Amino acid sequence: QVQLVESGGGLVQAGGSLGLSCAASGSIFSINAMGWYRQAPGKQRELVATITRGGSTTYADSVKGRFTISRDNAKNTVYLQMNSLKPEDTAIYYCHAPRVFTTWNGVMDYWGQGTQVTVSS
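Residues numbered from 1 in each chain as written. Predicted model: local features only at pLDDT ≥ 70, side-chain atom pairs only at ≥ 80, totals over all residues. Heavy atoms only, no water.

Asks: So what's going on with the packing of aromatic side chains? Residues and values would help.
Replies: In the structure shown here, the tally under the stated rule is one aromatic pair. The interplanar angle of 65° and the centroid separation of 5.0 Å between the aromatic rings of Y37 and W111 together place this pair among those described as edge-to-face. Of this pair, Y37 sits in strand β5 (residues 34-39) while W111 sits in strand β11 (residues 107-111), placing them 74 residues apart in sequence. Look at W111 and you get partly exposed, because its relative accessible area is 36%. One residue, R45, lies across the ring of Y94, its end atom 3.8 Å from the ring centre. One residue, R45, lies across the ring of W111, its end atom 4.7 Å from the ring centre. (Phe/Tyr/Trp six-rings, centres within 6.5 Å; stacked < 30°, edge-to-face > 60°. Helix = DSSP H or I, 4+ residues; strand = E, 2+ residues; numbered from the N terminus. Buried < 20%, exposed > 50% of the residue type's maximum accessible area, 1.4 Å probe, protein only. Lys NZ or Arg CZ within 6 Å of the ring centre and 35° of its normal.)

See the structure below:
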């Protein structure tokens, strides 16, 4: 079994910063791309940022220049550094690993349980 566990959410004032972490654990052989999504109340889940195993990144236009995604392959961990936060960044943030190669020769899609980020104005 494989688990993704996020941490680092919380409450911050507009203009502030928060860092999120997502650690994958369990029967992992390797993980390809990883990403962060978010879902605000009453809205659909949206992609925030992705990073390949080699470190190539993509970002939603709404977070470009403010958020930075990174990863540590040895720790099976992905990070999201969020700067210049805005009230519209308020959401539950989810970690996603769509292609996890397991030790039992499976290729699985996993989501974390989510962590709340609230930005006050």
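Asks: Kindly report on the side chain of R38, identifying the contributing residues and their values.
Replies: Relative to the helices and strands, R38 resides in strand β5. At 2.6 Å, the side chain of R38 forms a polar contact with the side chain of E46. Here the side chain of R38 touches S62 through a polar contact of 3.4 Å, side chain to side chain. Discounting chain neighbours no more than four positions away, the residues touching R38 are Q44, R45, E46, V48, S62, V63, F67, E88, D89, A91, I92 and Y93. (Polar contact = N/O pair within 3.5 Å; in protein donor to acceptor, adjacent residues only side chain to side chain. Contact = heavy atoms within 4.5 Å.)

Asks: So what about the pattern of salt bridges? Which residues, and what values?
Replies: With the rule as written, the count across this model stands at four salt bridges. When salt bridges with common partners are traced through the structure, they connect R38, E46, R66 and D89 into a single cluster. (Salt bridge = Lys/Arg side-chain N within 4 Å of Asp/Glu carboxyl O.)

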